[in-house]
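# Understanding the architecture of this molecule
One letter stands for each residue in the lines below.
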Amino acid sequence: MAVVDGANGTLQLITGSGAMLWRVDGLATPVAVACLDDLYVVERGASRISVWDTTGKLLRSFPIDTVLPNGIGAGPNHGELTVTDTGRGRAIVIASSTGQFLRAIGNGVLASPAGVAISNGRIAIADAGLGRVAIFDANGTLLQTIGDSTLLVRPQGLAWDAANTRLVVSDSFSGELVVLGEEGTVRGSLAGFGTAAGQLINPIDVALVPGGLLAVTTAGGTISEFHLFNSLAPVA
């Protein structure tokens, strides 16, 4: 599992049990990472993406035309990356090899795009400004929006469990993990604001990890794991 720390400028690769395999320092406010064969890190402080292999070796980097980059996802097509730009209220699709701009997504639809998740050529983007998730096709056509501001206050992180046709959204305001069906139904929620077991403070990102688990990172620098089967439950 690759984890970035914007405050300390680090990229780490850790095991599911939390053991650190390696760490690199000196990144410029890294805020998100996409894991393919290599690791693609959004460095907000330098408006660039740096590419690292799985041993922690820097392979290359390239600039991205964003004001406030936030999230990154692999796809929607082979050789593409999608990066959300909170500053411009849109996402951009770029070539993963060079960073070449390919197309913009969400102009006039997104207010404050944050986390992004991609499945089967579809792009889901958590909109912290409008309290919902917007789903686009690979060309950027809006397919649907799910959730609303009565359910999601400040949606931030997003994970797409395509096998069970559901999305898990982290709400950085309420501390909840909200599970939404792709059709828009609410299938459940977990956590909530607090410091007790199974509670979260300012969850930022969520990611599916092997073993049917969901990893949640918080602004305080912690990682919590939850079982992700038919329902959510905290890992003891």
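Residues numbered from 1 in each chain as written. Predicted model: local features only at pLDDT ≥ 70, side-chain atom pairs only at ≥ 80, totals over all residues. Heavy atoms only, no water.

### Side note on the overall build of the chain
Our working definition: Strands here are runs of E lasting at least two residues and helices are runs of H or I lasting at least four, both read from the DSSP assignment and numbered beginning at the N terminus. Note that the radius of gyration is over C-alpha atoms, with the globule rule given as 2.2 Å times the number of residues to the power 0.38. Here's how the labels work: a residue is buried when its accessible area is under 20% of the maximum for its type, exposed when over 50%, partly exposed in between, all with a 1.4 Å probe on protein chains only. Residues count as neighbours in contact if any of their non-hydrogen atoms are within 4.5 Å of one another. Each accessible area is a Shrake-Rupley result for a 1.4 Å probe, and residues are judged covered by the shown protein chains and nothing else. Positive charges come from Lys and Arg, negative ones from Asp and Glu, while His and the chain ends are left out of the count. Positions of charges follow a simple convention, taking NZ of Lys, CZ of Arg, CG of Asp or CD of Glu.
Along the backbone of the chain there are zero helices and 23 strands. For a compact globule of 236 residues, the expected C-alpha radius of gyration is about 18 Å, and the chain comes in at 16 Å, within 12% of that figure. Expressed as lengths along the three principal axes of its C-alpha atoms, the size of the chain is roughly 40 × 40 × 30 Å. When burial is assessed residue by residue, the chain has 49% of its 236 residues classed as buried. Long-range pairs, those at least 24 residues apart, make up 32% of the contacts in the chain with a sequence separation of at least 6. Surface summary for the chain: the accessible area is close to 10,100 Å², and the carbon and sulfur share equals 50%. Measuring between centres, the 13 positive side-chain charges of the chain sit 4 Å from its 19 negative side-chain charges.

### Considering the pattern of salt bridges
Rules: Salt bridge criterion: a side-chain nitrogen from Lys or Arg within 4 Å of a carboxyl oxygen from Asp or Glu.
Tallied over the full model, the rule gives seven salt bridges. Across the pair Arg-187 and Glu-183 runs a salt bridge whose closest N-O atoms are separated by 3.5 Å. Relative accessible area serves as the criterion here: at 49%, Glu-183 is assigned to the partly exposed category.

### A closer look at the sheet that holds strand S8 (residues 69–74)
The test is simple: Two strands pair if DSSP finds at least two bridges between them. All axes here are fitted lines through C-alpha atoms, helices being fitted over the stretch that makes contact, and every angle between N-to-C directions spans 0 to 180 degrees.
With antiparallel pairing, four strands are arranged side by side in an open sheet as S8-S9-S10-S11. Edge positions in the sheet fall to S8 and strand S11 (101–105), since each has one partner strand and no second. With direction set aside, neighbouring strand axes in the sheet form an average angle of 25°. Two elements, strand S9 (residues 80–85) and strand S10 (residues 90–95), share six bridges in a ladder whose sense is antiparallel. Paired with Thr-82 across the strands is Val-93, a residue of S10.

### Regarding the layout of surface pockets
To find leftover empty space, one rolls a probe the size of a water molecule over the atoms. Here is the rule: In the cavity and pocket records, a cavity denotes points on a 1 Å grid over the protein atoms alone where a 1.4 Å probe fits but cannot get out, a pocket denotes an open set with protein on both sides within 12 Å along at least 5 of 7 lines, and lining residues are residues with an atom within 4 Å of a point. Grid points are joined across faces, edges and corners, and a volume is the space filled by probe spheres set on the points. In this count, Pro and Cys sit with the nonpolar residues alongside Ala, Val, Leu, Ile, Met, Phe, Trp and Tyr, while Asp, Glu, Lys and Arg are called charged and the others, Gly among them, polar.
Space inside the second largest pocket adds up to approximately 170 Å³. Contributing to the lining of the second largest pocket are Leu-36, Asp-37, Asp-38, Tyr-40, Ala-74, Gly-75, Asn-77, His-78, Gly-79, Glu-80 and Ser-96. Classifying every residue of the lining of the second largest pocket by side-chain character gives three nonpolar, five polar and three charged.

### Remarks on the side chain of Ser-172
Take Ser-172: it is sitting in the loop between strand S17 (166–171) and strand S18 (176–181). Apart from residues lying up to four places away in sequence, Ser-172 is in contact with Arg-154, Gln-156, Asn-202 and Pro-203.

### What about the sheet that holds strand S7 (residues 58–63)?
Strands belonging to one sheet form pairs held by backbone hydrogen bonds; the direction of such a pair is parallel or antiparallel. Strands sit in the order S4-S5-S6-S7 across an open sheet of four strands; the sheet is antiparallel. The outermost strands of the open sheet, each flanked by one partner alone, are strand S4 (30–35) and S7. Ignoring strand direction, the axes of neighbouring strands in this sheet form an average angle of 20°. Bridge count for S4 against strand S5 (residues 39–43) is five bridges, and the pairing is antiparallel.

### Topic: unusual backbone geometry
Following Gly-75, the chain continues to Pro-76 via a peptide bond in cis, the omega torsion being 20°. When you line up the elements, Pro-76 lands in the loop between S8 and S9. Positioned with a positive phi, Thr-29 is a non-glycine residue whose angle comes to about 50°. With respect to the helices and strands, the residue Thr-29 is situated in the loop between strand S3 (20–24) and S4.

### Considerations on the pairing of strand S19 (residues 186–191)
As judged from the five bridges shared by S18 and S19, these two strands associate in the antiparallel manner. Within S19, the position partnered with Val-178 by the bridge is Ser-189. The turn joining S18 and S19, which pair antiparallel and follow one another in sequence, is formed by four residues; a positive phi near 110° is taken by Gly-184.

### What about the confidence of the model for the chain?
As a reminder, the rule being used: Scored between 0 and 100, pLDDT is the confidence that the predictor attaches to each residue.
Residues with a pLDDT of 70 or more make up 96% of the chain, whose mean pLDDT is 90. Confidence drops under a pLDDT of 50 for residues 232–236, and excluding neighbours within four residues, the segment shows 16 contacts in the predicted structure.

### Regarding the environment of Ser-189
Its location among the elements puts Ser-189 in strand S19. Ser-189 gets classed as partly exposed once you look at its relative accessible area, which sits at 46%. A sequence separation of 21 residues divides Ser-189 from Val-168, and the C-alpha atoms of the two residues are 8.8 Å apart. Setting aside its immediate chain neighbours within four residues, Ser-189 contacts Glu-176, Leu-177 and Val-178.

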